[in-house]
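Each chain, written out:
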Amino acid sequence: MGTLDASPERRAAGAVVSLDPLITIGKNEIDLPMGLASLWPERFEGKPSLHLIGLTWSGEQHERVAELVADVAEARSRLPRATFVLLASTPNEAVAFSRAGIPNIVANGTLFVDERQFPPATPSSQRRYDAAYTARLDPFKRHELAAEIPSVALVYGPPTDAELELAKYILPRAHFANHANPERKFRYFDQRMIAKTLGNCAVGLCLSAVEGHMRAAAEYHVCGLPVVSTHSVGGRDRYLAGPLSRIVDADPDSVARAVADLKALELNPLAVRDHVGALIALDRHNFLIALNQIVERELGVRERFRSFSPFLGLPVTWRKTSDISTDFLPR
Amino acid sequence: MEQERRVKGRVISIDPLVTYSQREASAPLGIASARPDAFSGRRALHLVGLSQTIETDNRHAKVARDLQAADAELPQSRFVILTNTEFEAYLLSTLRVAAMPCNDITFIDDGAFRPTETRAEFDAVCDTTAIPRERLDLARDAGNVDFSELAQLHGAARAALVGRASVGLWLGGAEHCAIEYLLCGLPVVSTPIAGSAQRYLLPPFCRIVPDDPAAIAAAVQGFARARVPKPVVRGAMMHALRFDRHNFLIAINKLAKETFGRGPVFDSFAPFEGGLPEPRPLDEALAGLAT
């Protein structure tokens, strides 16, 4: 368990989605295992509350389940009137959590991506790059698997000098989008800039072996990019069903072939977005049904949520805790 | 007698040993609980679906007790409950029951229900099987409605009757009816009815309206005027089914890998297509399994 940083400037993934009854959504982070309930337990003392907790990493491994059992137990001990429900990204996580007695529902993180922030490219957009890879320049992201793709655009978080140097060595021909400015300095990309970069690319890449649901995969989908992924654990394969995606072996040639195949289809981004959008809509529909039933059972309020709007962009968006704090003000 | 007990289940794979059954009074955890001797000493994975909702009357607690007994009797077996709703899986998770949402409609024989070329004679078709009169009365203003007892019909005859309408009106009764309408290319109008079919009843080809004749009529007429091509409606339903089957396959292969240490065991959904046969003698359900 990490040391809690409760400063107002610190960022967290969480929000209050309902004041009455009191319901939050957040992420299981190292120092905030139960989201806002860990950050500000005093705000939830003495009253019933419900906390939906998403994961930042796959929960399928046995040791991870044991950690989550401990996290939930500790939180319940601190807040006996609170109900904690984990948001499993995969049915297998659901089985593992259920067996361990961790209340959960299947609600893959992709559900929560705010598609309004990621407009798809127009069908006539020029695809300057064969593929895009939105991923930290970290070894677990396996950038080397993109080595045989003729042109790749990389979007990433702030790298160390060593990480950047290694990535340039692995992919010497790649376009390092965050450094593509006159100063050649790292520039953070907001959602609009990510969408713009993705609009110049034909295919989205997912190359890690294990992680969480992978927010970037969701962004590819809503931007209308077909996806090439390696086999993985963590939940991104949930929406990789059908002809608009490929799941391949983890080798550069397989990845490059799949990218070429999908690029050759010249798919209409709007059609790709709609294809995945219908599946996300299905999952959101069932998330709401289940959540309303849980809220009725645990907090005694019927039909609390009539639409998915309160959840759009949450908890996949990190905000300053000073901003999150305003969620507790009456609306 | 044992041989006369009827169960709804089958052996999906013999090596490794995987079964798929439905929970019923005679077999609370499927065929493994009906004939534990057949599975004693063998590593096995048992998928158990639910024939009735467990959302009410604390029924999930009964599942937990039955599972506890089965675990004690068959320690080498692994049971996973396939729930029809997310909420059922949630309830079971509060009691340490290994469960995952997997609606039994996932296994429906989608080939048995297809759009016909028939010109629509009716605004809507409404299955009247086991539906109270007062429920059917809600459709009194819906226009030209074909009230038929669909349970009497099967296969092509059933699809042909459904195909004579523009809209499927589901006011209760057999939940698969709503899905059959969609697979036959009919958009569906319904009211808030709890149950497993809810999973697939969302826009744009489904409208859930209040229990009010005017609202039902407006929804039916709206869809009838829209004349949505049947292949488009069926296509949307198949998109959802393929999605659920895709994720079921991923899950079942991971469960098999965890249970047996090898995999993937299933390279397609084919072994699961069509779901479960009607209840049949236990010996028949266990056919192929050396005991």
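Everything quoted here is computed from the prediction, not taken from an experiment.

A.B. asks: Provide a residue-level description of the overall build of chain A, including the pertinent values.
C.D. replies: Assigned secondary structure in chain A consists of 9 helices and 13 strands. The C-alpha radius of gyration of chain A comes to 20 Å, within 12% of the 20 Å expected for a compact globule of 331 residues. Dimensions along the principal axes, computed over C-alpha positions, put chain A at roughly 60 × 40 × 40 Å. Classification of the 331 residues of chain A by burial places 59% in the buried group. Considering only residue pairs separated by 6 or more positions, chain A has 64% of its internal contacts joining residues 24 or more positions apart. Working note: accessible area of chain A is about 13,900 Å², and carbon and sulfur atoms make up 52% of it. Of the charged side chains in chain A, 38 are positive and 39 negative; the average position of the first set lies 5 Å away from that of the second.

A.B. asks: Any chance you could break down the sheet that holds strand β12 (residues 245–248) of chain A for me, citing the residues and the numbers?
C.D. replies: Residues and elements named next belong to chain A. On the basis of which strands lie adjacent, the open sheet formed by 6 strands has the order β9-β8-β7-β10-β11-β12 and parallel pairing. Of all strands in the sheet, those with a lone pairing partner are β9 (175–176) and β12, marking the two edges. Bridge analysis of strand β7 (residues 129–134) against strand β8 (residues 152–155) gives 4 bridges, and the strand direction is parallel. Opposite Ala 131, over in β8, you have Val 152 as the bridge partner. Contacts from helix α6 (residues 215–222) reach β7, β10 (201–206) and β11 (227–230) within the one sheet, and its direction differs from that of β7 by about 140°.

A.B. asks: Please set out the packing of aromatic side chains residue by residue, giving values where relevant.
C.D. replies: Residues and elements named next belong to chain A. Summed over all chains, the structure comprises 21 aromatic pairs over all chains. With a centroid separation of 5.2 Å and 85° between ring planes, the pair formed by Phe 287 and Phe 311 is classed as edge-to-face. Separated by 24 residues along the polypeptide, Phe 287 in helix α8 (residues 269–299) and Phe 311 in the loop between α8 and β13 (319–320) bring together distant segments of the chain. Each member of the pair, Phe 287 together with Phe 311, is buried.

A.B. asks: Mind laying out the confidence of the model for chain B, listing which residues take part and the relevant values?
C.D. replies: On average, chain B scores 93 in pLDDT, and the residues at 70 or more come to 98%. Per the prediction output, this complex has pTM 0.95; the corresponding ipTM is 0.95.

A.B. asks: Break down the packing of helix α6 (residues 176–183) of chain B against helix α8 (residues 230–260) of chain B for me, citing the residues and quoting the values.
C.D. replies: Residues and elements named next belong to chain B. Remark: α6 packs on α8, axes separated minimally by 7 Å, with the N-to-C direction vectors making an angle of 120°. One finds that α6 runs oblique with respect to α8. Where α6 approaches α8, its residues Ile 179, Leu 182 and Leu 183 are matched on the opposing element by Val 233, Arg 234, Met 237, Met 238 and Leu 241.

A.B. asks: Can you explain the sheet that holds strand β7 (residues 122–127) of chain B? Please cite residues and give values.
C.D. replies: Residues and elements named next belong to chain B. Reading across from one edge, β8-β7-β9-β10-β11 is the order of the 5 strands in this open sheet, with parallel pairing throughout. Looking at strand neighbours, the two that pair on one side only are β8 (145–148) and β11 (206–208), the edges of this open sheet. Each strand axis lies, on average, 25° off the axis of its neighbour in the sheet, ignoring direction. Across 3 bridges, strand β10 (residues 188–190) lies against β11 in parallel orientation.

A.B. asks: Now, about helix α2 (residues 59–73) of chain B: what can you tell me, with residues and values included?
C.D. replies: The α-helix winds at 3.6 residues per turn, so residues separated by three or four positions along the chain end up facing the same way. Here α2(B) is 15 residues long and its end C-alpha atoms lie 21 Å apart, about the 21 Å a rise of 1.5 Å per residue gives. Along α2(B), the positions that sit buried rather than exposed are His60(B), Ala61(B), Val63(B), Ala64(B), Asp66(B), Leu67(B) and Ala70(B). If you follow the buried residues of α2(B), they end up packed against α8 of chain A together with β3 (17–23), β5 (77–83) and α3 (86–93) of chain B.

A.B. asks: So, the environment of Met237(B): which residues are in play, and what are the values?
C.D. replies: Residue and element names in this part refer to chain B. Mapped onto the elements, Met 237 comes out in helix α8. For the pair Met 237 and Ile 179, spaced 58 residues apart in the sequence, the C-alpha separation amounts to 8.0 Å. Ignoring anything within four residues of it in the chain, the contact list for Met 237 reads Ile 105, Ile 179, Leu 182, Leu 183 and Tyr 200.

So, how was this worked out
Residues numbered from 1 in each chain as written. Chains lettered and ligands numbered in written order. Predicted model: local features only at pLDDT ≥ 70, side-chain atom pairs only at ≥ 80, totals over all residues. Heavy atoms only, no water. Helix = DSSP H or I, 4+ residues; strand = E, 2+ residues; numbered from the N terminus. Rg over C-alpha atoms; globule rule 2.2 N^0.38 Å. Buried < 20%, exposed > 50% of the residue type's maximum accessible area, 1.4 Å probe, protein only. Contact = heavy atoms within 4.5 Å. Areas by Shrake-Rupley, 256 points an atom, 1.4 Å probe, with all protein chains shown as cover. Lys, Arg positive; Asp, Glu negative; His and termini not counted. Charge placed at Lys NZ, Arg CZ, Asp CG, Glu CD. Pairing = 2+ DSSP bridges. Axes fitted to C-alpha atoms, helices over the stretch in contact; angles between N-to-C directions. Phe/Tyr/Trp six-rings, centres within 6.5 Å; stacked < 30°, edge-to-face > 60°. pLDDT = per-residue confidence, 0-100. Parallel < 35°, antiparallel > 145°, perpendicular 65-115°, else oblique. Expected span 1.5 Å × (residues − 1).

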